[in-house]
Amino acid sequence: MTQSLEREVTATAANSGANATSVFKNKQGESVAVDPARVDEVATAAIKALHEVIREKQVTYAEYDALKSWLISVGEDGEWPLFLDVWIEHVVEEVANADREGSKGTIEGPYYVPGSPQLGSEGTLPMREDEPGTPLDFSGQVRAVDGTPLANATVDLWHADDLGLYSQFAPGIPEWNLRGTFTTDADGRFMIHTLQPAPYQIPTDGSCGKLIAAAGWHAWRPAHLHLKVSAPGHLLITTQLYFDGGEYIDTDIADAVKPELILRPTAKADGMGNEVGYDFVLDPA
Ligand code: DHB
Ligand code: FE
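Note that this is a predicted model, so its numbers are computed, not measured. (Residues numbered from 1 in each chain as written. Chains lettered and ligands numbered in written order. Predicted model: local features only at pLDDT ≥ 70, side-chain atom pairs only at ≥ 80, totals over all residues. Heavy atoms only, no water.)

Next up on the list: the coordination of the iron ion (ligand 2). Distances from the iron ion (ligand 2) to its protein donors, Tyr 166 (OH), His 224 (NE2) and His 226 (NE2), fall at 2.0 to 2.1 Å. Read from N- to C-terminus, the donor residues coordinating the iron ion (ligand 2) fall into the pattern Y-x57-H-x1-H. Here His 226 lies in strand β8 (residues 224-230) and Tyr 166 lies in the loop between β3 (154-159) and β4 (179-183), a separation of 60 residues in the sequence. For the pair shown, Tyr 166 and His 226 are each scored as buried. (Donors = N, O, S within 2.8 Å, 3.2 Å for Na, K, Ca; no water. Helix = DSSP H or I, 4+ residues; strand = E, 2+ residues; numbered from the N terminus. Buried < 20%, exposed > 50% of the residue type's maximum accessible area, 1.4 Å probe, protein only.)

Shown next, in the form of structure tokens:
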């Protein structure tokens with residue numbers, strides 16, 4: 001790896017945490033209205049669960065103090081969005097979408113930004129002139145659970161580049177690089193031209209990286225496309241698609257891979273990269 005690429009990768013940890021924190025704060029605003037009875041019920045259960053871990057594992061004062069200083073540093077590094085989305089969000093998603101009949105969802109992660117360029121029913125994601133990676137034609141149809149094609153459905157796609165970096169969260173990448181919003185045609189179809197992303201590594205020089213190193217885990221998510229698919233009168237689904245045989249597909253640190261979400265691209269006949277189809281089915285609102 002060249003020096004400049006190395007610098008770009010290591011700079012990510014310092015930037016991505018702060019950016020993910022401010023993006024989340026903007027999304028959330030001031031209003032966090034939670035029913036006090038639910039706060040009592042859930043906070044009591046969570047604290048009790050932690051007490052049980054301390055008893056079961058005979059946690060020492062030295063370990064308690066190590067935890068305290070680590071928790072303080074997660075906040076200082078702005079890494080709460082990363083920590084929560086890697087280790088906690090997948091169970092929240094499991095509970096939230098348990099009753100859906102349509103397409104499977106999975107975690108959103110910390111790197112979604114609304115308002116990406118509108119590209120119609122067929123288009124190419126914004127990318128740099130020399131953007132590295134294998135071209136990928138990603139096409140499909142959006143349908144209701146009864147099979148009706150959904151015209152004017154929205155397919156919002158964002159993904160990392162060939163170094164595993166996200167625009168707006170790593171320095172030096174154009175604002176909307178590899179982010180775009182598509183609208184299905186009269187048959188509910190879309191065609192997206194992009195590049196296959198690379199696996200994503202959790203920043204290693206922040207607190208989350210320190211936890212991973214201290215525990216002897218690996219820091220990787222398999223390569224993935226992020227999507228939000230929605231249509232009037234239907235429930236929005238937030239999901240990700242992965243690549244068959246891809247590195248870390250069986251050991252995703254964020255535990256967000258599901259068998260239904262694995263793509264099997266094939267080489268295009270014209271030799272210009274790969275193609276793959278995937279249809280989305282939306283539950284009624
Ligand atoms: C994180 C990053 C991702 O790209 C993702 O999909 C999920 C989580 C993270 O760093 O927390
Ligand atoms: Fe991601």
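Still more to cover.
We now examine the confidence of the model for the protein. When the pLDDT values of the protein are averaged, the result is 93; 95% of them are 70 or greater. Note that pLDDT drops below 50 for residues 1-8; the model gives that stretch 7 contacts with residues more than four away or on any other chain. (pLDDT = per-residue confidence, 0-100. Contact = heavy atoms within 4.5 Å.)

In the region of ligand 1, 13 residues are neighbours, and Val 86, Tyr 166, Tyr 200, Arg 221 and His 226 sit closest. Take Arg 221: an N or O atom from its side chain is 2.6 Å from an oxygen atom of ligand 1. His 226 is positioned such that a nitrogen or oxygen atom in its side chain is 3.0 Å from an oxygen atom of ligand 1. In the complex, 100% of the free accessible area of ligand 1, which totals 290 Å², lies under the protein chains. The site holding ligand 1 turns out to be the largest cavity. Those elements giving two or more residues to the shell around ligand 1 turn out to be α4 (80-87) and β8. (Near = heavy atom within 4 Å. Polar contact = N/O pair within 3.5 Å; in protein donor to acceptor, adjacent residues only side chain to side chain. Areas by Shrake-Rupley, 256 points an atom, 1.4 Å probe, with all protein chains shown as cover. 1 Å grid on protein atoms, 1.4 Å probe; cavity = no way out; pocket = protein on both sides within 12 Å on 5 of 7 lines; lining within 4 Å. Sits in = over half its atoms within 2 Å of the grid points.)

This brings us to the layout of surface pockets. Roughly 710 Å³ of internal volume is contained in the largest pocket. Lining the largest pocket are 19 residues; nearest its centre among them are Leu 50, Leu 67, Trp 70, Leu 71 and Phe 83. Looking at which element gives the most residues to the lining of the largest pocket, the answer is helix α3 (residues 61-76), with 7 residues. Residues belonging to the lining of the largest pocket are distributed by class as follows: 16 nonpolar, no polar and 3 charged. Approximately 460 Å³ is the volume attributed to the second largest pocket. Taken together, 18 residues make up the lining of the second largest pocket; nearest its centre are Phe 24, Lys 27, Asp 85, Glu 108 and Gly 109. Taken together, the elements giving at least two residues each to the lining of the second largest pocket come down to α1 (3-28), α4 and α5 (89-96). With 5 residues, the single largest contributor to the lining of the second largest pocket is α1. (Points joined across faces, edges and corners; volume = space filled by probe spheres on them. Nonpolar A, V, L, I, M, F, W, Y, C, P; charged D, E, K, R; others polar.)

Below, the discussion takes up the packing of aromatic side chains. Remark: the centre distance and the inter-plane angle together describe each pair of aromatic rings, the angle taken between the planes. Taken as a whole, this structure holds 14 aromatic pairs when the rule is applied. Judged by centre distance (5.5 Å) and plane angle (70°), the ring pair of Trp 70 and Phe 83 falls under edge-to-face. Linking Trp 70 in helix α3 with Phe 83 in helix α4, this pair joins segments that are 13 residues apart in sequence. For the pair Trp 70 and Phe 83, a shared accessibility class is recorded, and that class is buried. Three or more aromatic residues joined by ring pairs make a cluster, and in this case those are Trp 70, Trp 80, Phe 83, Trp 87 and Trp 217. The ring of Tyr 112 is capped by Lys 228, whose NZ or CZ atom sits 4.8 Å from the centre of that ring. (Phe/Tyr/Trp six-rings, centres within 6.5 Å; stacked < 30°, edge-to-face > 60°. Lys NZ or Arg CZ within 6 Å of the ring centre and 35° of its normal.)

Moving on, we come to the pattern of salt bridges. All told, the structure shown has 12 salt bridges when counted by the stated rule. The salt bridge involving Lys 228 is made with Glu 108; its shortest N-O contact spans 2.8 Å. Linking Lys 228 in strand β8 with Glu 108 in the loop between α5 and β1 (122-124), this pair joins segments that are 120 residues apart in sequence. A relative accessible area of 11% means that Lys 228 is categorised as buried. Measuring nitrogen to oxygen at the nearest pair gives 3.5 Å for the salt bridge that ties Arg 264 to Asp 244. On the criterion of sequence distance, the pair formed by Arg 264 in the loop between β10 (262-263) and β11 (266-267) and Asp 244 in the loop between β9 (237-243) and β10 is long-range, its members being 20 residues apart. By relative accessible area, which is 47% here, Asp 244 ends up partly exposed. A single salt-bridge network, built from bridges that share partners, covers Arg 128, Glu 131 and Asp 161. (Salt bridge = Lys/Arg side-chain N within 4 Å of Asp/Glu carboxyl O.)

What follows deals with a nonpolar patch on the surface. A cluster of nonpolar side chains, contributed by Leu 50, Val 53, Ile 54, Val 59, Tyr 61 and Tyr 64, occupies part of the molecular surface with about 590 Å² of accessible area. Only α2 (36-57) and α3 provide two or more residues apiece to the nonpolar patch. It is α2 that contributes the most residues to the nonpolar patch, 3 residues altogether. For Tyr 64, the position within the fold is in helix α3. By relative accessible area, Tyr 64 is classed as partly exposed at 39%. (Patch = residues over 30% accessible without salt bridge, like charges linked within 9 Å, V, L, I, M, F, W, Y side chains within 5 Å.)

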